[in-house]
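Each chain is listed here by its residues.
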Amino acid sequence: STLFPYTTLFRSSYKELANVTHLCCMAHARAKFKEALEQGRDERARLFVDSIGLLYGYEAEYRRSGLSPDEIRRRRNDSRTADVMIRMSTELNRLLNNPRSHLGDMMQKALNYLHNYWHQLFAYRQDGRYTIDNNIAERNIRPTTVERKNSLFYGSGMMAEVSAVYHTFISTCSMLGVSAQKYFKMFFSAIIEGRRDYARSTLSLA
């Protein structure tokens, strides 16, 4: 599965895309609860911060062990992960359904985010190649942010999409350890030679 970090720039809803798994970023959920804990002074947020911390600890363990995607998927669906999810879900429902919870704005926002995107936040468990957050995409999107500031305007929505596609190829090549220059040379050479089966064809960079 290839990561395309710039697809968030497109206006199409993910629900309109076929065969696409919508993954939400666990780091965003954690940040909201940390804000509720540290700025909102709501100690009830600590359970969620600590629970998400456990999930990140498991992910670090998988990376250190060099596990295969299939083994990572299996472990993500084991009892210890389920226990963390049950603990979070129980507290989430208790706080949202209790009119006496007296939630502050930050805590309410964090709980609503977790409730509304629960399935998308935990969709990373479906495939060992998925990541728990989109930090890789966040790092790779920085070049287009700089470009946007330097150029000020793209001129049209279509050119914004062209820029997104361009940066997607560059960043994907970088993450895979492939020369972007070499890839583009071979890609455009193939187009000139008449190849149009973009979705199914592959280019050998060996």
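Everything discussed here concerns the structure shown above.
Student: Would you take a moment to explain the packing of aromatic side chains for this structure?
Tutor: For any pair of aromatic rings, geometry is given as the distance between the ring centres together with the angle between the planes. Going through the model one piece at a time under the given rule, you end up with 10 aromatic pairs. Measuring from centroid to centroid gives 6.1 Å for Phe 169 and Phe 187, while their planes differ by 40 degrees, and the two rings are tilted. In this pair, Phe 169 is assigned in helix α9 (residues 157-176) and Phe 187 in helix α10 (residues 180-192), connecting sequence segments 18 residues apart. Arranged with centres 6.0 Å apart and planes meeting at 20 degrees, the rings of Phe 184 and Phe 188 form a pair that is stacked. Taken together, the positions of Phe 184 and Phe 188, both in helix α10 and four residues apart, correspond to about one turn of that helix. A relative accessible area of 17% means that Phe 184 is categorised as buried. Put simply, the rings of Phe 169, Tyr 183, Phe 184, Phe 187 and Phe 188 touch in pairs and so form one group of aromatic residues. The ring of Tyr 56 carries the charged tip of Arg 30 above its face, separated from the ring centre by 4.2 Å. Over the face of the ring belonging to Tyr 113 we find Lys 32, whose NZ or CZ atom lies 5.0 Å from the ring centre.

Student: Would you explain the state of the cysteines in this entry?
Tutor: This model, assessed by the stated rule, comprises zero disulfides. No disulfide involves Cys 24; its sulfur sits 8.5 Å from the nearest other cysteine sulfur, which is in Cys 25.

Student: Teacher, can you tell me more about unusual backbone geometry here?
Tutor: Excluding glycine, most residues fall at negative phi; most peptide bonds, likewise, are trans. One non-glycine residue with positive phi stands out, namely Arg 41, at about 55 degrees. Looking at where Arg 41 falls in the secondary structure, it is placed in the loop between α1 (26-38) and α2 (46-65). Under the relative-accessibility criterion, Arg 41 is labelled exposed at 71%. With a phi close to 50 degrees, His 102 is a non-glycine residue in the positive phi region. Here His 102 is to be found in the loop between α4 (79-97) and α5 (105-116).

Student: Even after reading the chapter, I still don't get the packing of α9 against α10, so can you show me in this structure?
Tutor: In a packed pair of helices, the relevant descriptors are the angle between the two axes and the axis-to-axis distance. For the pair α9 and α10, interaxial distance at closest approach is 9 Å and the crossing angle is 125 degrees. By the angle between their axes, α9 is oblique relative to α10. Like other packed secondary-structure pairs, α9 and α10 cross with a definite hand, here right-handed. Taking contact as the criterion, the partners of Tyr 166, Phe 169, Ile 170 and Cys 173 in α9 are, on α10, Ala 180, Tyr 183 and Phe 184. For the contact of α9 with α10, the per-class residue count stands at seven nonpolar, no polar and no charged.

Student: Honestly, the nonpolar core in this entry has me stumped. Any pointers?
Tutor: Soluble globular proteins: nonpolar side chains tend toward being buried together. Core analysis: the biggest nonpolar cluster contains 35 residues, and Met 26, Phe 33, Phe 48, Met 107 and Phe 122 have the highest contact counts within it. Among the secondary structure elements, those contributing two or more residues to this core are α1, α2, α4, α5 and α6 (118-121). Top element by residues in this core is α2. It accounts for seven residues. Non-local contacts of Phe 122, meaning those with residues more than four positions away in its chain, are made with Met 26, Leu 55, Met 85 and Met 88.

Student: How do you make sense of the side chain of Glu 59 when you look at a structure like this?
Tutor: In this fold, Glu 59 is placed in helix α2. When its relative accessible area of 6% is taken as the criterion, Glu 59 is described as buried. The residues touching Glu 59, leaving out its near neighbours within four places in the chain, are Arg 76, Tyr 124 and Ile 132.

The rules behind the values
- Residues numbered from 1 in each chain as written.
- Predicted model: local features only at pLDDT ≥ 70, side-chain atom pairs only at ≥ 80, totals over all residues.
- Heavy atoms only, no water.
- Phe/Tyr/Trp six-rings, centres within 6.5 Å; stacked < 30°, edge-to-face > 60°.
- Helix = DSSP H or I, 4+ residues; strand = E, 2+ residues; numbered from the N terminus.
- Buried < 20%, exposed > 50% of the residue type's maximum accessible area, 1.4 Å probe, protein only.
- Lys NZ or Arg CZ within 6 Å of the ring centre and 35° of its normal.
- Disulfide = S-S within 2.5 Å.
- Axes fitted to C-alpha atoms, helices over the stretch in contact; angles between N-to-C directions.
- Parallel < 35°, antiparallel > 145°, perpendicular 65-115°, else oblique.
- Left-handed = near helix turned anticlockwise from the far one by under 90°.
- Contact = heavy atoms within 4.5 Å.
- Nonpolar A, V, L, I, M, F, W, Y, C, P; charged D, E, K, R; others polar.
- Core = buried A, V, L, I, M, F, W, Y, C linked by side-chain atoms within 4.5 Å.

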